[in-house]
Amino acid sequence: MVDKDAVRRGYDGLAETYAAQRDPDGGEWRMLERLRERLPSGAQVLDAGCGQGDPVLRRLDDDPAVEATGVDFSRQQLRFASEAAPNVALAQGDITSLPVADSAFDAVTAFHSLIHVPETQHRAVVDEFARVLRPGGLALLTEGTADWQGANSDWLETGVEMQWYIAGADATREQLRAAGFTVRDERLVGDELADEEASWTVFLAQLED
Ligand SMILES: C[S@@+](CC[C@H](N)C(=O)[O-])C[C@H]1O[C@@H](n2cnc3c(N)ncnc32)[C@H](O)[C@@H]1O
């Protein structure tokens, strides 16, 4: 059953385990560096579905040339994010309706958050990224390479249920295009939290000027 609130409750329940197991130096870090190289000094970056603050907010917290903001709907994840990145602004909110102003950011990052949003709302998330970015702004996001929907009633052996709604790279590429983005780079990365050799597609996309 599609139940977005189950995802929020799930992350509240397993935030500590997730934080302990998430590799802050995972494959996406290289894509984050590529994004960072393209940002102007003083850039504003929004991490949408920031979770426990790794890998994005912890890195940007130490970067004097960037101002970062994190949004997540899990209060417990935000609690860990505030420890990982004490200088960034954090807000509780839903990435389908971001609690931030139009055209306020130079970049949006979203590692492994779109994949928890019911598929009928993926386009709303991508449209939100377009709304909050300045013209020419950059979006860096992870999507499953192939489509898959499912749940695990004992994710990370916590006894907590988690749900995923993965639309696949082709669908996400098309949604980015429809929302006014051009994909500038696209890479496959592995996953240290999956049981098998999962691969994720990381998109670096630029909003039209
Ligand atoms: C897999 S974790 C990723 C956290 C971090 N970005 C990372 O790469 O490790 C997914 C995060 O997205 C958040 N999330 C999922 N759906 C969301 C939504 N609709 N609005 C806000 N946050 C959401 C969850 O609470 C969780 O913290």
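The protein chain goes by Methyltransferase type 11 in an unreviewed UniProt entry, where it is assigned to Halopiger xanaduensis.

Draft legend 1. Spotlight on the overall build of the protein chain. When its secondary structure is counted, the protein chain shows 6 helices and 9 strands. A globule of 209 residues ought to have a C-alpha radius of gyration of about 17 Å, and the protein chain, at 16 Å, matches this closely. Counting over 209 residues, the protein chain shows a buried share of 54%. The long-range share in the protein chain, meaning contacts at least 24 apart out of those at least 6 apart in sequence, stands at 70%. For the protein chain, the exposed area adds up to about 9,400 Å²; of that, 44% sits on carbon and sulfur atoms. Of the side chains in the protein chain, 19 bear a positive and 39 a negative charge, and the two mean positions are spaced by 5 Å.

Draft legend 2. Broad picture of the nonpolar core. Ranked by internal contacts, the top residues of the largest apolar core, which has 35 residues, are Tyr11, Leu14, Leu35, Leu39, Leu140, Trp155 and Met162. Secondary structure elements with two or more residues in this core: helix 1 (4–21), helix 2 (28–38), strand 1 (43–48), helix 3 (56–61), strand 2 (66–72), strand 5 (133–144), strand 7 (162–166) and strand 9 (200–207). Considering each element in turn, this core owes the most residues, 4 residues, to helix 1. Membership of the second largest hydrophobic core comes to 26 residues, among which are Leu98, Leu141, Ala179 and Phe203.

Draft legend 3. Representation of the site of the ligand. Around the ligand sit 23 residues, and of these Tyr11, Tyr18, Arg22, Gly49 and Asp72 come closest. Within the contact set of the ligand, an oxygen atom lies 3.3 Å away from a side-chain nitrogen or oxygen of Gln52. In this structure, an oxygen atom belonging to the ligand sits 2.6 Å away from a side-chain N or O atom of Asp72. Its free accessible area being 590 Å², the ligand has 99% of it covered by the protein chains. It is helix 1 that provides the largest number of residues to the shell around the ligand, a total of 4 residues. Residue composition of the shell around the ligand, grouped by class: 9 nonpolar, 9 polar and 5 charged.

Draft legend 4. Molecular detail of the sheet that holds strand 5. Judged by pairing direction, the sheet is mixed, and its 7 strands sit side by side in the order 3-2-1-4-5-9-8 without closing on themselves. For this open sheet the edge positions go to strand 3 (89–92) and strand 8 (181–189), each flanked by a neighbour on one side alone. Pairwise comparison of adjacent strand axes, ignoring direction, gives a mean angle of 15° for this sheet. In the sheet, strand 2 pairs with strand 3 via 4 bridges, with the strands oriented parallel.

Draft legend 5. Seen up close, the UniProt feature "domain: Methyltransferase" (unreviewed entry) in the protein chain. The UniProt record annotates "domain: Methyltransferase" (unreviewed entry) at residues 45–137. Secondary structure over residues 45–137 splits into 29% helix and 28% strand, and the C-alpha atoms at its two ends are 10 Å apart.

Rules of the game
- Residues numbered from 1 in each chain as written.
- Predicted model: local features only at pLDDT ≥ 70, side-chain atom pairs only at ≥ 80, totals over all residues.
- Heavy atoms only, no water.
- Helix = DSSP H or I, 4+ residues; strand = E, 2+ residues; numbered from the N terminus.
- Rg over C-alpha atoms; globule rule 2.2 N^0.38 Å.
- Buried < 20%, exposed > 50% of the residue type's maximum accessible area, 1.4 Å probe, protein only.
- Contact = heavy atoms within 4.5 Å.
- Areas by Shrake-Rupley, 256 points an atom, 1.4 Å probe, with all protein chains shown as cover.
- Lys, Arg positive; Asp, Glu negative; His and termini not counted.
- Charge placed at Lys NZ, Arg CZ, Asp CG, Glu CD.
- Core = buried A, V, L, I, M, F, W, Y, C linked by side-chain atoms within 4.5 Å.
- Near = heavy atom within 4 Å.
- Polar contact = N/O pair within 3.5 Å; in protein donor to acceptor, adjacent residues only side chain to side chain.
- Nonpolar A, V, L, I, M, F, W, Y, C, P; charged D, E, K, R; others polar.
- Pairing = 2+ DSSP bridges.
- Axes fitted to C-alpha atoms, helices over the stretch in contact; angles between N-to-C directions.
- UniProt positions renumbered as here; feature names shortened; annotations may be inferred.

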